[in-house]
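Architecture at a glance
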Amino acid sequence: MAPSSLRHLVGRRATLRGLTSKQPKVVALGGGMGLSASLTALRRITGDLTAVVTVADDGGSSGRLRDELGVLPPGDLRKALAALCGDDEWGRTWAQVIQHRFESRGELHEHAVGNLLIVALWEQLGDHVQALDLVGKLLGAHGRVLPMSAVPLELRASVRGHDPERPDELSTVRGQATVALTRGEVQEVHLVPHDPPAVPEAVRAVLDADWVVLGPGSWFSSVIPHLLVPELLEALTETKARKVLSLNLAPQPGETDGFSPQRHLEVLARHAPKLAFDVVLADQDAVPDQDSLSEAADQLGGKVELAPVAAAGSTSPGTPPGRRPEEDSGGGVARHDPELLAAAYDRIFRMHGRIGPWR
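Here the structure is a predicted model, which means the values were calculated and not measured.

To continue, consider the confidence of the model for the chain. Per-residue pLDDT for the chain averages 87, and the proportion of residues at 70 or more is 87%. In this model residues 355–359 is a low-confidence stretch, pLDDT under 50, and it forms 14 contacts with partners more than four residues away in sequence or in other chains.

So, about the packing of helix H3 (residues 32–42) against helix H5 (residues 75–83). Closest axis-to-axis distance for the H3/H5 pair is 8 Å, and the angle between their directions is 20 degrees. When the interaxial angle is binned, H3 and H5 end up roughly parallel. H5 is crossed by H3, and the crossing has right-handed handedness. In this structure, H3 uses Gly-32, Met-33, Leu-35, Ser-36, Leu-39 and Thr-40 to contact H5, whose residues at the interface are Asp-76, Lys-79, Ala-80 and Ala-83. Of the residues contributing to the contact of H3 with H5, the split by class is five nonpolar, three polar and two charged.

Now for the pattern of salt bridges. Across all of its chains, the model carries twelve salt bridges by this definition. Taking the shortest distance from any N to any O, the salt bridge between Glu-201 and Arg-204 comes out at 4.0 Å. Of this pair, Glu-201 and Arg-204 both sit in helix H10 (residues 200–208), three residues apart, which is roughly one turn of the helix. With a relative accessible area of 23%, Glu-201 lands in the partly exposed category. With its nearest N and O atoms 3.8 Å apart, the salt bridge here joins Arg-242 to Asp-278. Here Arg-242, found in strand E8 (residues 242–246), pairs with Asp-278, found in the loop between helix H13 (261–271) and strand E9 (279–283); they are 36 residues apart in sequence, far enough to count as distant. You can call Arg-242 partly exposed: its relative accessible area is 31%. The network of salt bridges with common partners includes Arg-43, Arg-44 and Asp-87.

Cut-offs and rules
- Residues numbered from 1 in each chain as written.
- Predicted model: local features only at pLDDT ≥ 70, side-chain atom pairs only at ≥ 80, totals over all residues.
- Heavy atoms only, no water.
- pLDDT = per-residue confidence, 0-100.
- Contact = heavy atoms within 4.5 Å.
- Axes fitted to C-alpha atoms, helices over the stretch in contact; angles between N-to-C directions.
- Helix = DSSP H or I, 4+ residues; strand = E, 2+ residues; numbered from the N terminus.
- Parallel < 35°, antiparallel > 145°, perpendicular 65-115°, else oblique.
- Left-handed = near helix turned anticlockwise from the far one by under 90°.
- Nonpolar A, V, L, I, M, F, W, Y, C, P; charged D, E, K, R; others polar.
- Salt bridge = Lys/Arg side-chain N within 4 Å of Asp/Glu carboxyl O.
- Buried < 20%, exposed > 50% of the residue type's maximum accessible area, 1.4 Å probe, protein only.

Structure representation (structure tokens):
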């Protein structure tokens, strides 16, 4: 199907699905720009959308606020809220405002407005969820944003060859920002504390969902951490919802440099061997070996769905070394097209979902 046809499909989504007030309850898990891509697409096809966001970031404005005030890192939560803003003037304006970063020679340099707003409301209200709901109401967000845990988390990774002079040595790398840019090969990750409590509203959302979407995003620092929160993993395992694993457009230099699409599935399975998925979604041009990916998906209990979901001009898996595709602002950005990704999710929800009206 041509991209123009897929975009037309999204525009007709209510008619195609025969929906009026009944819509699928969708929960999307992840962090950073990967989760933002999913949310920007999903808000186009359902009004019942919840984002569950990782809280292990320790870099940039988020890291500074976390260190100074002892709060959850607000950055990925802010990005999720911005992604849920509508395409009207109100939504576009507020998305730009909360994403705005100050430029100065003082302490405010590089702080994001949305980070400060979120932290201010946390201090005023003393409730993470209530504060995020209030920000979402202010923005007119098309969905709800929740942290996966109410305590700041530290990401630690076992990395082979983190020190280039000792390529075979295993070492422990601490901090999401360091893990994301390691030169070595990440073997596994864990969280500190090891058994962090999940936010109850996030657990309830997963258990009550019709569909759960995990990914895309930084695999070891944004996707897998959700599976390391025991209560959240239990909810993901027990929920009656169908589950989609959404793959990245390209390996991420550092975390997953050189990873094939199927290897992403294999490392996820090592961290959560009992977790099954119904569908694995991948861009049709990012899968050189469809048979191997299908075999890996089968091990997770799912089927592969290939679709054109990359934006025009996106990089192929050959992104230049040392460049993080999701942060590249140049002409070769590896990013999802919101309408094409929405069309892919819409098709999956209809073809693999329940028969008849939702709930």
